[in-house]
Amino acid sequence: MKIPKHRCKIPGYTNDTYDIQSEFHALLVSQTIPITSKGDHSKCTVNEADDNKTISNNQSTRACSEWVYERSEFFSTFVTQFNLVCDYQIYRSHSNMAISAGKVIGSLVTSLLGDYFGRRRVYMMMMLILTGSAIGLAVLSNLFMLIVLRFLNGASVTGAYVCALVIGLELVGQKERRWIVTATSVTATLGCLVAVTIAYLTRNGQYFQAALAVPCLPAVIGCLFIPESPRWLMSKGRHKEAQQTIDVIARVNGFTAPLPSLTINNSHLEAEKKKTVGPVQLFRIPRLFVRYSLLYLIWMFSSMCSVGLMLNVSNMSGNVFLNYTILCLMDLVSLAPFGWLIDRLGRRSLLMVTSGVGGLACLATFLPVVLEGNNWIFRGLSFCGRLCWSLASILIYVFTPELFPTVLRSFGLGSCSMIGHVGSLASSYVADLNILVHGVWGPALPQFVFGTAGILTAVMTLVLPETKGQSLPETVREAAEFSEA
């Protein structure tokens, strides 16, 4: 939630605006609002009037309770609606933290529920919560509810995405998995472009939220036509339902040849069906403990670098709508060669290349900053790093589910997503190192951290097995025995 330019409202002047209306208005503002050391009008205090009701800059000041806002970009936002400035600015931080905390909690809770109750049921639940929170944000009039609804919104968005991705990956064969993630990422980016268009046309926070709630309703209805994952059904011993789902899929795709009956000859899968398989079992096997620990670090570094570099790019001057559109187009550019590259190079090799090149690009920005070189070189390298990390962030959504067994695949992707969001939270502090550290080294420090993280990610990727062209592991034992063909 961006804070627009603002100042205290002139007490008793009902027609006050941020923009100066006339010479009299300018005089009234100068007499009422104190001037700060930076030469602008105070955002949080007004001059006290003396006993004769005259106003002077020599008078003492007091905190104001009303504000006027600059409205060239947005007519109304949650910040202007609830006056989340000055002493109340902490509630803006709480609101932003709520949506981030929702993403962290939602990733973990949804993944656990998805493995025990099914992907489809949890996806429907998340879509219902998302619809309700979106409608609530469009009509709310309470600051406490703003924080609660943003938490639910963050949890449901992340939860629905994780469930939908797992269902998609488990419904297709080996060669089509890359297209599931590509299609999901492209539609998500196109959705962001639609959202920025709506924001540009409405310029109003509540109208914007109302417009975003509209597509949620048909999405909820669409949940009724999404089949449950046959792999999950088979892992729970529900072979008849899995067979019916596959028969429907074959019929819809025009496959007329007789389908063989599903039979389970895997003794390990039969054994795991008879006992409750929990996430702890993944970390009791040393090989899996090392593999998934490295995977968590890769997610943390990838999310930190991708979001952190986006924060750096988004801080550039200019129109906020244009800047955000450029970021979305950059993501689309990185997706263009994704399907071709992942099929040619494989998951592990491509992740190593993108994270390594992205890290080197960030480290290279260190030189033009310290040596005071051309600023366009710095920007070009930053954009290159952003493109590489954007591709790496999408790639791990293909790579990760292929490394976890079916019985805990939802947990695997959800827990990795949760760790990734922790890295996203850290990225804002890394991106602000140039503010905390002054001098020539300030602007270079964030790039140095991102670059180092990229090199470490490339090295850690070497330990992971390649999953290109391999069947998804069904059990914990299969995951432990999983290696290159």
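Residues numbered from 1 in each chain as written. Predicted model: local features only at pLDDT ≥ 70, side-chain atom pairs only at ≥ 80, totals over all residues. Heavy atoms only, no water.

## Looking at the overall build of the protein chain
Alright, step 1. For the protein chain, the count of helices and strands is 21 helices and 4 strands.
Alright, step 2. Counting over 485 residues, the protein chain shows a buried share of 46%.
Alright, step 3. The long-range share in the protein chain, meaning contacts at least 24 apart out of those at least 6 apart in sequence, stands at 73%.
Alright, step 4. Of the roughly 23600 Å² of accessible surface on the protein chain, 64% is carried by carbon and sulfur atoms. (Helix = DSSP H or I, 4+ residues; strand = E, 2+ residues; numbered from the N terminus. Buried < 20%, exposed > 50% of the residue type's maximum accessible area, 1.4 Å probe, protein only. Contact = heavy atoms within 4.5 Å. Areas by Shrake-Rupley, 256 points an atom, 1.4 Å probe, with all protein chains shown as cover.)

## Considerations on helix H13 (residues 320–335)
An α-helical turn contains 3.6 residues, so any two residues separated by three or four positions project in the same direction.
Alright, step 1. For H13, with 16 residues, the first-to-last C-alpha span of 23 Å sits near the 22 Å given by 1.5 Å per residue.
Alright, step 2. Turning to H13, its buried residues number three or more, namely Phe321, Asn323, Leu327, Cys328, Met330, Asp331, Ser334 and Leu335. (Expected span 1.5 Å × (residues − 1).)

## So, unusual backbone geometry
Alright, step 1. Residues other than glycine seldom take positive phi values, yet Asn83 does so here, at roughly 55 degrees.
Alright, step 2. Mapped onto the elements, Asn83 comes out in the loop between helix H2 (78–82) and helix H3 (89–117).
Alright, step 3. At Cys86, a position not held by glycine, the phi torsion is positive, near 55 degrees.
Alright, step 4. Relative to the helices and strands, Cys86 resides in the loop between H2 and H3.
Alright, step 5. Among the residues examined, Cys86 registers a relative accessible area of 17% and is labelled buried.

## What to know about the state of the cysteines
Alright, step 1. Summed over all chains, the structure comprises 2 disulfides.
Alright, step 2. Sulfur-sulfur distance for the disulfide between Cys8 and Cys64 comes to 2.0 Å. Its S-S torsion of approximately -60 degrees makes the covalent link between Cys8 and Cys64 left-handed. Residue Cys8 is located in strand E1 (residues 6–8), and its partner Cys64 is located in the loop between strand E3 (61–63) and strand E4 (67–69); the two are separated by 56 residues in the primary sequence. In this structure, Cys8 and Cys64 share a single accessibility class: buried.
Alright, step 3. In this model Cys44 forms its disulfide with Cys86; the gap between the sulfur atoms is 2.0 Å. The chirality of the disulfide connecting Cys44 with Cys86 is left-handed, given an S-S dihedral of about -95 degrees. Of this pair, Cys44 sits in the loop between helix H1 (23–32) and strand E2 (45–47) while Cys86 sits in the loop between H2 and H3; the two residues are 42 residues apart in sequence, bridging distant segments of the chain.
Alright, step 4. Each bonded cysteine of the protein chain gets a number by its place in the sequence, and the pairs then read 1-3, 2-4. (Disulfide = S-S within 2.5 Å.)

## Digging into the nonpolar core
What tends to happen in soluble globular proteins is that the nonpolar side chains get buried as a cluster.
Alright, step 1. Tyr292 and Leu295 are the most contacted members of the largest nonpolar core, which has 51 residues in total.
Alright, step 2. Setting aside anything within four residues of it in sequence, one finds Tyr292 in contact with Leu282, Phe283, Leu403, Phe404, Pro405 and Ala479.
Alright, step 3. Judged by nonpolar contacts, the second largest core, of 19 residues, contains Val79, Phe82, Leu140 and Leu149. (Core = buried A, V, L, I, M, F, W, Y, C linked by side-chain atoms within 4.5 Å.)

## Notes on the packing of helix H6 (residues 177–202) against H13
Alright, step 1. Contact pair H6 / H13: the axes reach a minimum separation of 10 Å and the direction vectors enclose 165 degrees. Classed by the angle they form, the pair H6 and H13 counts as roughly antiparallel. Here H6 and H13 pass one another in a crossing that is left-handed. Counted together, Ser185, Val186, Thr189, Leu190, Cys192, Leu193, Val196, Ala199 and Tyr200 of H6 and Phe321, Tyr324, Thr325, Cys328, Leu329, Asp331, Leu332 and Leu335 of H13 form the full contact between these two elements.
Alright, step 2. The residue makeup of the contact of H6 with H13, split by class, is 13 nonpolar, 3 polar and 1 charged. (Axes fitted to C-alpha atoms, helices over the stretch in contact; angles between N-to-C directions. Parallel < 35°, antiparallel > 145°, perpendicular 65-115°, else oblique. Left-handed = near helix turned anticlockwise from the far one by under 90°. Nonpolar A, V, L, I, M, F, W, Y, C, P; charged D, E, K, R; others polar.)

## Regarding the packing of H6 against helix H14 (residues 338–345)
Alright, step 1. Where H6 meets H14, the closest approach of the two axes is 10 Å, and the angle between their N-to-C directions is 150 degrees. The orientation of H6 with respect to H14, classified from their angle, is roughly antiparallel. As for the relative orientation of H6 and H14, their crossing is right-handed in sense. Residues Arg178, Trp179 and Thr182 of H6 form the contact with H14, whose participating residues are Phe338, Gly339, Trp340, Ile342 and Asp343.
Alright, step 2. Grouping the amino acids of the contact of H6 with H14 by side-chain chemistry returns 4 nonpolar, 2 polar and 2 charged.

## Comments concerning the packing of aromatic side chains
Alright, step 1. Counted under the stated rule, the structure contains 8 aromatic pairs.
Alright, step 2. A centroid spacing of 4.1 Å and a plane angle of 5 degrees characterise the contact between Tyr292 and Phe404, whose relative ring orientation is stacked. With Tyr292 in helix H12 (residues 286–314) and Phe404 in the loop between helix H17 (375–403) and helix H18 (409–431), this pair connects stretches of sequence that are 112 residues apart. Here Tyr292 and Phe404 have matching classes, each one buried.
Alright, step 3. In this structure an aromatic cluster arises from ring pairing among Phe283, Phe289, Tyr292, Tyr296 and Phe404. (Phe/Tyr/Trp six-rings, centres within 6.5 Å; stacked < 30°, edge-to-face > 60°.)

## With respect to the environment of Ser355
Alright, step 1. Among the structural elements, Ser355 can be located in helix H15 (residues 347–364).
Alright, step 2. What makes Ser355 buried here is its relative accessible area of 0%.
Alright, step 3. For Ser355 and Gly385, which are 30 residues apart along the polypeptide, the C-alpha to C-alpha distance reads 8.7 Å.
Alright, step 4. Those residues in contact with Ser355 that lie beyond four places of it in its chain are Trp389, Gly454, Ile455, Thr457 and Ala458.
Alright, step 5. Looking at Ser355, its side chain comes within polar contact range of the main-chain oxygen of Met352, at 3.3 Å. (Polar contact = N/O pair within 3.5 Å; in protein donor to acceptor, adjacent residues only side chain to side chain.)

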